[in-house]
Amino acid sequence: MFFVDTLEFEGLGNRSYLVGGARAAVAVDPPRDVDQVIAAAAKRGVRIAYVAETHVHNDYITGGLELARITGASYLVPAAAHVSFARTPVADGDTVTVDEGLVLRALATPGHTPHHTSYVLEEDGRGAAAFTGGSLLIGTVGRPDLVEPRLTEELARAQHASAHRLDDEVPVLPTHGFGSFCSSSQAEGDATTVGRERTANDALTLDVDTFVAEMLAGLDDVPAYYAHMGPANAAGPAPVDLTPPGRADAGEIAARLAAGEWVVDLRSRTAFAEGHVAGSFNFEGDGKLATYLAWLIPWGKPVTLLADTPERIADAQRELARVGIDRPAAAATGDPAAWIREGERLASFPRARFADLAEVRGRGEEVVVLDVRRDSERAAGHVEGAVHVPVHELYGRLDEVPSGTVWVHCAGGMRAAIAASLLDAAGRAVVAVDDGFDAAREAGLTVTRP
């Protein structure tokens, strides 16, 4: 008998796995904060004998090197991956014995990267599970455009071929596809098998030319911080430091803002709109914090975190460490009134629905409507007359937003709140539309296609 424990990281849309038998286990694609992997192994009462990477990751910092160092495990990394640290190189067909009757077999599945390797767990000689990393996902595959533009089409063709290498009944356990931008499209469902994918996955239902053409046409934006993940992973990430940051008082918060550093408020968008430190930015701790903060912040810029509780700071620190934002410069918790100096006032801005926007337009008031969704979302329909600047580009394009009161919206409210905070910090009059985009048409606004 074997077990598979899934470690889910909703903020990044990824999963890691601990799989093994009665005495030993292998950790597949572990996160930067390896303490939870160690805790999972301790709960099972097993030794981590191997750590396996499917590829050099582009969307998060791995904890594999550190986990192998701490546990003494052999660190399995694809032989063709160019890395700067000692590892156990694995190539197509290589096997290791994880526990009695459990063998892990490497399977070359290039496509997401040239060196991508999946791992098939075999129990008594039969395939029991396939850890497919960024190769075959649930209903889709990993995107092939994150390595080198000149390789994208070649890797897309390789991805199609790789998808056909697994047996039908084997459960597929991917790393990407649960919200990660490493996925060529977002997965639907929570579990699958190769046999099920043969009926629904384009990589297994379309001929290679059609598959490649459709994949390349559908690729979305790439988060800016991805450019830093691959090199960090290839060099060998440093151990993560999750000790609490120093406490910032009102004076220090003001000084850091004056120095051009980022002060990030992790509270809900509702609470932020009602009252916040002028100049601070709102990235909800419950949202895709790591993805959007790492995407927008100038790389290496010091960040101070503000939140209701120390627990929220700790959660955010852990999530940000996974994408290379290692140490907050400082932090503050509690009542926002304590975050400003005596004589200062908290800033605020209104929130609204699309129905409110329709009412304002109906009265003939001139307002700026700013759509901060991605290009692919806007292509499906947009509010007539809306200016379009994707949220991940807004910080560098604030001067392109026309003068006037800005009603900013996205698809659901989270990104609009980020955008509203950027505009508010820049001194603009802003209204955050906290509503689902479907409500725009229902409110009587004209929704058109580009």
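Since this is a predicted model, take the numbers as computed values, not measurements.

Each helix and strand counted, the protein chain has 16 helices and 23 strands in total. For the protein chain, the C-alpha radius of gyration of 24 Å lies close to 22 Å, the compact-globule estimate for 450 residues. Taken along its principal axes, the extent of the C-alpha atoms in the protein chain is 70 × 50 × 35 Å. In the protein chain, which comprises 450 residues, the proportion classed as buried is 55%. Taking as baseline every contact in the protein chain between residues at least 6 positions apart, the subset at least 24 positions apart corresponds to 68%. With an accessible surface of roughly 18300 Å², the protein chain has 48% of that area assigned to carbon and sulfur atoms. Looking at charge distribution, the protein chain has the averaged site of its 40 positive side-chain charges lying 2 Å from that of its 64 negative ones.

Right, let's talk about the sheet that holds strand β20 (residues 387-388) for a bit. The parallel open sheet is built from five strands, whose spatial order is β17-β22-β21-β18-β20. If you trace the sheet from one side to the other, it starts and ends with β17 (351-352) and β20, each paired once. Looking at chain direction, strand β21 (residues 406-409) and strand β22 (residues 430-433) are connected through three bridges and run parallel. Looking at the pairing, Trp 407 lines up with Val 431 of β22.

For the structure shown, the criterion picks out 10 aromatic pairs. A centroid spacing of 6.0 Å and a plane angle of 85 degrees characterise the contact between Phe 354 and Phe 437, whose relative ring orientation is edge-to-face. Remark: Phe 437 occurs in the loop between β22 and α16 (438-442) and Phe 354 occurs in helix α12 (residues 354-362); sequence separation between them is 83 residues. Overall, the relative accessible area of 0% leaves Phe 354 in the buried class. Of the residues examined, Phe 437 reaches a relative accessible area of 13% and is grouped as buried. When the ring centre of Phe 178 is taken as origin, the NZ or CZ atom of Arg 15, which lies over that ring, is 3.8 Å away.

A separate point is unusual backbone geometry. With a phi angle near 50 degrees, Asp 29 is a residue other than glycine that sits in the positive phi range. For Asp 29, the location among the structural elements is in the loop between β3 (24-28) and α1 (35-44). Owing to a relative accessible area of 0%, Asp 29 belongs among the buried residues under this scheme. Positive phi, normally seen in glycine, also occurs at Asp 124, with a value near 50 degrees. Inspection of the secondary structure puts Asp 124 in the loop between β9 (117-123) and β10 (126-133). Taking the relative accessible area as the measure of exposure, Asp 124 reaches 65% and is therefore exposed.

Here is what the cut-offs are and how they apply
Residues numbered from 1 in each chain as written. Predicted model: local features only at pLDDT ≥ 70, side-chain atom pairs only at ≥ 80, totals over all residues. Heavy atoms only, no water. Helix = DSSP H or I, 4+ residues; strand = E, 2+ residues; numbered from the N terminus. Rg over C-alpha atoms; globule rule 2.2 N^0.38 Å. Buried < 20%, exposed > 50% of the residue type's maximum accessible area, 1.4 Å probe, protein only. Contact = heavy atoms within 4.5 Å. Areas by Shrake-Rupley, 256 points an atom, 1.4 Å probe, with all protein chains shown as cover. Lys, Arg positive; Asp, Glu negative; His and termini not counted. Charge placed at Lys NZ, Arg CZ, Asp CG, Glu CD. Pairing = 2+ DSSP bridges. Phe/Tyr/Trp six-rings, centres within 6.5 Å; stacked < 30°, edge-to-face > 60°. Lys NZ or Arg CZ within 6 Å of the ring centre and 35° of its normal.

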